[in-house]
Amino acid sequence: MCAMFNNSLANSLFGSRNSIWSGSFLSASNLGDLGLMKSGVYTKMLKSYYEKVGNDKETKTESSSSSSTSSSNTSSTWDDVRKRYITPEVTVDPKAVEAEKALSNIKSASQNLSKDASALANMDFDGSSRDEIYDAVKKMADSYNAVVDGAKKSSLPSSITKSVSWMIDDTKSNTKQLERMGITIGEDNKIKIDKDKFAQANFSDIKDFFGGTGSFADRNAQRANGFVKSASNQMMMNIGKSFYSSSGVLS
């Protein structure tokens, strides 16, 4: 068995006598290869091969990196285009913010005045105590004063400030009637109530002035409703201006 293996190995390396010149290690072609190995040609070929493989890997890496960078640049460029032409640029205008706040305040104050003035106009004066009537009048007066304060903002549209001014003028036209009930108008156009004088005032004067349709309270309730609508409409208009220009294009 061992002898057969050795013969097989010897034949593969050195060839048999019949094949020594046609394919064994010592054949003509293999002897030529041996000569190339001795001269160093194979070594040079191997070095050249591995250098090429290394260069190919570097080229692929650089290509991948370049592709990634290109993709990143393309993405960055697209983001710039999208931000500039597609996504509306949002800027905060301090004057617009102030105007919005003023409108919101006057709207809230007017809603309170409408509610409190309407409650006073529809109050059952005959079935209420003088303290209950005073509390209702005081509540309306506080709401009224809040509207007067809110209308002092210069950022409000003139339609609202003029309407509030007309309300103040109506109040001033009733100065004598108000004073008989202990109610005065200050230089700031706010109304103040003297509780003691109010308690001593004629009940009929109070009822006729504040109660029922067309009364001072009812007129203020109606005016307040108008203030609320005007403020709401202006706020909606401001929102539209923020998104669309006169040509209907997003701005």
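The numbers attached to residues start from 1 for each chain and follow its sequence in the written order. pLDDT decides what is reported in this predicted model: residues at 70 or higher carry local features, side-chain atom pairs at 80 or more are listed and counted, and totals for whole chains, interfaces and linings draw on all residues regardless. Processing note: side-chain calculations cover all non-hydrogen atoms of the structure and skip hydrogens and water entirely.

Draft legend 1. Local environment of the overall build of the protein. Helix and strand definitions here come from DSSP, where helices need a minimum of 4 consecutive H or I residues and strands a minimum of 2 consecutive E residues; each element is numbered from the N-terminal end. Counting its regular elements, the protein contains 10 helices and two strands. Taken from N to C terminus, the helices and strands of the protein fall in the order α-α-α-α-α-α-α-β-β-α-α-α. Looking at the protein as a whole, 26% of its 251 residues are labelled buried. Pairs at least 24 apart in sequence give 62% of the contacts found in the protein among residues at least 6 apart. In these tables, accessible area is a Shrake-Rupley quantity obtained with a 1.4 Å probe, and a residue counts as shielded only by the protein chains included in the view. For the protein, the exposed surface amounts to about 16900 Å²; the carbon and sulfur share of it is 53%. A simple rule labels every residue: compare its accessible area, found with a 1.4 Å probe on the protein chains alone, to the largest value its type can have, and call it buried under 20%, exposed over 50%, or partly exposed in between. Any two residues whose heavy atoms approach within 4.5 Å at even a single point are treated as in contact.

Draft legend 2. Spatial organisation of the pattern of salt bridges. Take a side-chain nitrogen of Lys or Arg and a carboxyl oxygen of Asp or Glu: if they are within 4 Å of each other, that pair is a salt bridge. Going through the model one piece at a time under the given rule, you end up with six salt bridges. In this structure, Lys138 and Asp142 form a salt bridge, with 3.1 Å as the shortest nitrogen-oxygen distance. Placement of the pair is Lys138 and Asp142 together in helix α5 (residues 130-150), with a separation of four residues, close to one helical turn. A relative accessible area of 31% places Lys138 in the partly exposed class. A relative accessible area of 41% means that Asp142 is categorised as partly exposed. A salt bridge links Arg219 to Asp170, with the shortest nitrogen-to-oxygen separation between them at 3.2 Å. With a gap of 49 residues between them, Arg219 in helix α10 (residues 216-243) and Asp170 in helix α6 (residues 158-172) connect regions that are remote in the sequence. Residues joined by salt bridges that share partners form a network here, namely Asp149, Lys152 and Lys190.

Draft legend 3. Local environment of the packing of aromatic side chains. Ring pairs shown here join Phe, Tyr and Trp side chains whose ring centres sit within 6.5 Å, with only the six-membered ring taken for Trp; geometry is labelled stacked below 30 degrees between planes, edge-to-face above 60, and tilted in between. Under the counting rule described, the total for this entry stands at four aromatic pairs. Ring pairs connect the aromatic residues Phe209, Phe210 and Phe216, which therefore count as one cluster.

Draft legend 4. Region of interest: unusual backbone geometry. Despite not being glycine, Asn189 shows a phi value in the positive range, around 70°. The residue Asn189 is located in the loop between β1 (183-185) and β2 (191-193) in this model.

Draft legend 5. Focus on α5. By this rule, a helix spans an expected 1.5 Å times one less than how many residues it contains. A rise of 1.5 Å per residue sets the reference length of α5, with its 21 residues, at 30 Å; its end C-alpha atoms lie 30 Å apart and thus fit the reference within 8%. Within α5 the residues assigned to the buried category are Ile133, Tyr134, Ala136, Val137, Met140, Ala141, Ser143, Tyr144, Asn145, Val147, Val148 and Gly150.

Draft legend 6. Highlighting the packing of α5 against α6. At a minimum axis distance of 10 Å, the contact between α5 and α6 shows a crossing angle of 135°. Comparing the axis directions of α5 and α6 gives the class oblique. Handedness of the crossing formed by α5 with α6: left-handed. Within the contact between the two elements, α5 uses Tyr144, Val147 and Val148 and α6 uses Val164, Met167, Ile168 and Thr171. We call Asp, Glu, Lys and Arg charged. Ala, Val, Leu, Ile, Met, Phe, Trp, Tyr, Cys and Pro are nonpolar, and the rest, Gly among them, are polar. Residue composition of the contact of α5 with α6, by class: six nonpolar, one polar and no charged. Axis lines are fitted to C-alpha atoms, over the contacting stretch for helices. Their N-to-C directions set the angle, which ranges from 0 to 180 degrees. Geometric relationships in this document are graded by angle, where less than 35 degrees denotes roughly parallel, more than 145 denotes roughly antiparallel, 65 to 115 denotes roughly perpendicular, and other angles denote oblique. Two helices crossing with the near one rotated counterclockwise from the far one by less than a right angle form a left-handed crossing, whereas a clockwise rotation gives a right-handed crossing.

Draft legend 7. Spotlight on helix α4 (residues 94-121). Here α4 is 28 residues long and its end C-alpha atoms lie 40 Å apart, about the 40 Å a rise of 1.5 Å per residue gives. Along α4, the residues classified as buried are Ala99, Ala102, Leu103, Ile106, Ala109, Ser110, Leu113, Ser114, Asp116, Ala117, Leu120 and Ala121.

Draft legend 8. Local environment of the side chain of Ser110. Position of Ser110 relative to the elements: it lies in helix α4. Those residues in contact with Ser110, other than ones at most four positions away along the chain, are Val147, Ala224, Phe227 and Val228.

Draft legend 9. Molecular detail of the confidence of the model for the protein. Per-residue confidence from the predictor is reported as pLDDT, which spans 0 to 100. Residues of the protein with pLDDT of at least 70 account for 59%, and the chain-wide mean is 77. Of the regions scoring below 50 in pLDDT, residues 12-31 engages in 23 contacts with residues more than four places distant in sequence or in other chains. Confidence over residues 242-246 falls short of pLDDT 50; this stretch has eight contacts with residues more than four positions distant or in other chains.

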